[in-house]
Amino acid sequence: MQLSIHSTWQNVLSSEMEKPYFKALISFVKEEYATKTCYPKADEIFAAFDHCPFNEVKIVIIGQDPYHGFGQANGLCFSVNDGIALPPSLQNIFKEIEQDIQTPFPISGNLERLAAQGVLLLNATLTVRESEAGSHQKKGWETFTDAVIQKISDDKENVVFLLWGGFAKKKGAKIDRNKHYVLETGHPSPLSANRGLWFGNNHFSKTNTFLKSKSTTEIVW
């Protein structure tokens, strides 16, 4: 099992990936993938980085765990492979996009099209055991993804961070809000959305308005 990350990220994260905790994490992940069914596929563990090189990051969306059902996870937070039924949170994301910027409801839940435009779709934990939500938490991934967020905050300017729900908001504590644009709202899960904490946040139009103000290409959501 070979694990590699896009060269632009390798350049900025190489010292992090040499730390003892990260080496222990990768050993754990390799053992898990060798002995259990885990998601996403091994070659998609770093898909969020592979589809969105460091120098192209304009927006960061933070998720929690990969989906733990068969065929769902593809390494991008909230995203599912083509042909897979849309999970409830993703349906609510698409409903908000539809209402916010009056675009048709997408057929596919594969968000690679957003990653290609500079949206880093980052889960806090990058792997999971099948049917066991949270099974790879507290093994080191959260430390690694904290370092990713810190690096983006330190080395870039005018990145839009979309923090949805309490977990993402805590994860965003390292962001320098004088340099970046941070939008916060409830999680798109039905539990949160049905309590009025998601719909009407207008994050997608607000993001594009900000990008336009910085003479940056807007996102085709």
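Just above, that's the structure.
Predicted, not measured: the structure shown is a model, and the values here were computed from it. (Residues numbered from 1 in each chain as written. Predicted model: local features only at pLDDT ≥ 70, side-chain atom pairs only at ≥ 80, totals over all residues. Heavy atoms only, no water.)

Draft legend 1. Looking closely at the overall build of the chain. Helix and strand counts for the chain come out as 9 helices and 6 strands. The C-alpha atoms of the chain give 17 Å as radius of gyration, which agrees with the globular expectation for 221 residues (17 Å, within 12%). Over its C-alpha atoms, taken along the principal directions, the chain stretches across nearly 45 × 35 × 25 Å. The burial tally for the chain puts 52% of its 221 residues in the buried class. Put simply, 66% of the contacts in the chain that link residues at least 6 apart link residues at least 24 apart. Accessible area for the chain stands at about 10,200 Å²; split by element, carbon and sulfur atoms hold 49% of it. (Helix = DSSP H or I, 4+ residues; strand = E, 2+ residues; numbered from the N terminus. Rg over C-alpha atoms; globule rule 2.2 N^0.38 Å. Buried < 20%, exposed > 50% of the residue type's maximum accessible area, 1.4 Å probe, protein only. Contact = heavy atoms within 4.5 Å. Areas by Shrake-Rupley, 256 points an atom, 1.4 Å probe, with all protein chains shown as cover.)

Draft legend 2. Representation of the sheet that holds strand β3 (residues 119-123) in the model. Strand order in the open sheet formed by 4 strands is β3-β2-β5-β6, and the pairing between neighbours is parallel. Looking along the sheet, the strands with just one partner apiece sit at the ends: β3 and β6 (181-185). Sheet twist, expressed as the average angle between the axes of neighbouring strands with direction ignored, equals 20°. As paired strands, strand β2 (residues 59-63) and β3 are joined by 5 bridges and run parallel to one another. Bridged to Gly-63 within β3 is Asn-123. (Pairing = 2+ DSSP bridges. Axes fitted to C-alpha atoms, helices over the stretch in contact; angles between N-to-C directions.)

Draft legend 3. Examining the packing of helix α1 (residues 7-17) against helix α6 (residues 141-155) more closely. Axis separation between α1 and α6 bottoms out at 11 Å; the angle between their running directions is 130°. If you check the angle between α1 and α6, you find them oblique. Crossing angle aside, the handedness with which α1 passes α6 is right-handed. Contacts between α1 and α6 involve Trp-9, Val-12, Leu-13, Glu-16 and Met-17 from the former and Thr-143, Phe-144, Ala-147, Val-148, Lys-151 and Ile-152 from the latter. Of the residues in the contact of α1 with α6, the class split is 8 nonpolar, 1 polar and 2 charged. (Parallel < 35°, antiparallel > 145°, perpendicular 65-115°, else oblique. Left-handed = near helix turned anticlockwise from the far one by under 90°. Nonpolar A, V, L, I, M, F, W, Y, C, P; charged D, E, K, R; others polar.)

Draft legend 4. Fine view of the packing of aromatic side chains. Per the counting criterion, the structure on display carries 16 aromatic pairs. On the basis of an interplanar angle of 50° and a centroid distance of 5.6 Å, the ring pair of Phe-78 and Trp-164 is categorised as tilted. In this pair, Phe-78 sits in the loop between β2 and α4 (88-101) while Trp-164 sits in strand β5 (residues 160-164), placing the two residues 86 residues apart along the sequence. Pair check on accessibility: Phe-78 and Trp-164 agree, each one buried. Seen from the ring of Phe-54, Lys-156 lies directly overhead, with NZ or CZ sitting 4.9 Å from the centre. (Phe/Tyr/Trp six-rings, centres within 6.5 Å; stacked < 30°, edge-to-face > 60°. Lys NZ or Arg CZ within 6 Å of the ring centre and 35° of its normal.)

Draft legend 5. Main features of the environment of Asn-123. With respect to the helices and strands, Asn-123 occurs in strand β3. When the C-alpha positions of Asn-123 and Ile-61 are compared, they lie 8.3 Å apart, and in sequence the two are 62 residues distant. Non-local contacts of Asn-123, meaning those with residues more than four positions away in its chain, are made with Gly-63, Gln-64, Asp-65, Pro-66, Leu-76, Cys-77 and Thr-145.

Draft legend 6. Highlighting the side chain of Asn-123. According to the relative accessible area criterion, Asn-123 is buried, its value standing at 7%. Within the structure, Asn-123 has its side chain in polar contact with the backbone nitrogen of Gln-64 (distance 3.2 Å). (Polar contact = N/O pair within 3.5 Å; in protein donor to acceptor, adjacent residues only side chain to side chain.)

Draft legend 7. Expanded view of the pairing of β3. Within β3, 5 of the 5 residues are buried, leaving the element largely enclosed by the surrounding structure. Burial along β3 is two-sided: Val-119, Leu-121 and Asn-123 and Leu-120 and Leu-122, pointing in opposite directions, are all buried.

Everything listed here is a matter of geometry and, on its own, says nothing about what the molecule does.
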